Amino acid sequence: MTMVTLQSGDRFVANSTEIFHQYGVQLEVGYDFEAYREILKYARPDQTLGAPFDPDVHKLTPQNALWVIGRNADGEIVHTQALRMLEMKNQSIAEYFTHNFRDFPPAAPNLDLARSRYRASPKSKRMFGSVCYNGEFWIKPGDDSLRGQGFSCVLGRYAFCQALQHWNPDHMIGLMAKPVACKGFPQRLGWMNSQPGALRWFFDGRDAPVEGFMVFMDREDMHYVLELPLNDLVALAA
């Protein structure tokens, strides 16, 4: 695991610490995905651990993966997300997902993997190097939820900062359902690019697929986003 000091992250760390305190949220970073699975059973029982972070399927260690949870002042878990470095084996992102997209399914039952497909964008064919995947993003719903308050701006960027500090990857990517992406969620989280039509997930007994977007950025993008004034972004998103 490589730890680096980032001048571009200094402003983010200072401002995010203040905002987390303001919202009464404390974040915890962990590396044991068996423990994370147990946490999810209580924190979000309707949404179990996603396949990309299943320790029964993937070898997840502190050198290639981490999870983040956020607790409110009462100790209740109100946020989750996770990061994992992908084994690219000198492939482009397009080549990797052409062969492995079925390892990143949506958390929904009755998925028809045989009919589902991935479509590479021109840029994904030119993206090589180390790649960090960001998933498991969840904010607890409810009357006292942090949703819709601009807090996602901080949480999304927190993942970028963690990825840079732990692995300094060449690229970072994520997947989102079309309805979520079209509501501007990638922009709120800080993603610089999004590809529509990246994935088409089919389900048993249904003819119409669910479209998935791929969001992505390179290392320079992450540095740029972390340098932006954070309080202004939170105020605009709220």
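Everything that follows concerns the structure shown earlier in this document.
Reference entry: report on the structure contained in this document. (Residues numbered from 1 in each chain as written. Predicted model: local features only at pLDDT ≥ 70, side-chain atom pairs only at ≥ 80, totals over all residues. Heavy atoms only, no water.)

### Re the overall build of the protein
Helix and strand counts for the protein stand at eight helices and eight strands. Evaluated residue by residue, the protein yields a buried proportion of 50% over its 238 residues. A separation threshold of at least 6 residues defines the contact pool for the protein, and within that pool the share at least 24 residues apart is 75%. Just so you have it, the protein exposes about 11900 Å², and 49% of that area is on carbon and sulfur atoms. (Helix = DSSP H or I, 4+ residues; strand = E, 2+ residues; numbered from the N terminus. Buried < 20%, exposed > 50% of the residue type's maximum accessible area, 1.4 Å probe, protein only. Contact = heavy atoms within 4.5 Å. Areas by Shrake-Rupley, 256 points an atom, 1.4 Å probe, with all protein chains shown as cover.)

### Structural notes on the layout of surface pockets
Put simply, the second largest pocket is a space of about 260 Å³. Around the second largest pocket sit 14 residues that line it, and His 58, Arg 84, Leu 86, Glu 87 and Tyr 96 are the ones nearest its centre. Put simply, the parts of the chain that give the lining of the second largest pocket at least two residues each are strand E3 (77-85) and helix H3 (93-100). For the lining of the second largest pocket, the leading source of residues is H3, giving three residues. Residue composition of the lining of the second largest pocket, by class: four nonpolar, five polar and five charged. (1 Å grid on protein atoms, 1.4 Å probe; cavity = no way out; pocket = protein on both sides within 12 Å on 5 of 7 lines; lining within 4 Å. Points joined across faces, edges and corners; volume = space filled by probe spheres on them. Nonpolar A, V, L, I, M, F, W, Y, C, P; charged D, E, K, R; others polar.)

### Looking at the pattern of salt bridges
For the structure on display, the rule yields ten salt bridges. Across the pair Glu 38 and Lys 41 runs a salt bridge whose closest N-O atoms are separated by 3.0 Å. Of this pair, Glu 38 and Lys 41 both sit in helix H2 (residues 33-43), separated by three residues, roughly a single helical turn. By relative accessible area, which is 38% here, Glu 38 ends up partly exposed. For Glu 76, the salt bridge is made with Lys 140, and the minimal N-O distance between the two is 3.4 Å. Of this pair, Glu 76 sits in the loop between strand E2 (65-71) and E3 while Lys 140 sits in the loop between strand E5 (131-139) and helix H4 (151-166), and the two are 64 residues apart along the sequence. Since its relative accessible area comes to 33%, Glu 76 is described here as partly exposed. Using a relative accessible area of 25% as the deciding quantity, one classes Lys 140 as partly exposed. Salt bridges sharing common partners tie together Glu 34, Arg 37, Asp 54 and Asp 56. (Salt bridge = Lys/Arg side-chain N within 4 Å of Asp/Glu carboxyl O.)

### A word on the environment of Val 180
In this fold, Val 180 is placed in helix H5 (residues 178-181). Look at Val 180 and you get partly exposed, because its relative accessible area is 37%. Beyond its immediate chain neighbours, meaning those up to four positions away, Val 180 contacts Phe 185 and Pro 186.

### Let's talk about the packing of aromatic side chains
Taken as a whole and judged by the stated rule, the model has 13 aromatic pairs. With a centroid separation of 5.6 Å and an interplanar angle of 15°, the aromatic rings of Tyr 36 and Trp 67 are classed as stacked. Of the two residues, Tyr 36 sits in helix H2 while Trp 67 sits in strand E2, which places them 31 residues apart along the sequence. Using a relative accessible area of 4% as the deciding quantity, one classes Trp 67 as buried. Ring geometry for Phe 53 versus Tyr 133: centroids 5.8 Å apart, planes at 25°, classification stacked. (Phe/Tyr/Trp six-rings, centres within 6.5 Å; stacked < 30°, edge-to-face > 60°.)

### Overview of helix H7 (residues 219-227)
Of all the residues in H7, the buried ones are Asp 221, Met 222, Val 225 and Leu 226. Seen from one end, H7 has its buried residues packed into an arc of 130°, which puts them on one side. Its side-chain oxygen placed 3.2 Å from the backbone nitrogen of Glu 220, Asp 218 serves as the N-cap of H7. (Arc of directions from axis to C-beta. Polar contact = N/O pair within 3.5 Å; in protein donor to acceptor, adjacent residues only side chain to side chain.)

### A look at H4
Between its terminal C-alpha atoms H4 stretches 23 Å, which fits the 22 Å expected from 16 residues at 1.5 Å a residue. Among the 16 residues in H4, 15 count as buried, and that is most of the element. Looking one or two residues beyond H4, the residue adopting positive phi is Asn 168, at roughly 50°. (Expected span 1.5 Å × (residues − 1).)

### A short note on the sheet that holds strand E4 (residues 111-118)
The sheet built from eight strands is open, its strands ordered E1-E2-E3-E5-E6-E8-E7-E4 with mixed pairing. Looking at the sheet topology across the chains shown, the edges are occupied by strand E1 (26-30) and E4. Here the average twist between neighbouring strands, direction ignored, is 25°. Pairing between strand E7 (residues 193-203) and strand E8 (residues 210-218): six bridges, direction antiparallel. Across the sheet, residue Gln 195 finds its bridge partner in E8, namely Met 214. (Pairing = 2+ DSSP bridges. Axes fitted to C-alpha atoms, helices over the stretch in contact; angles between N-to-C directions.)

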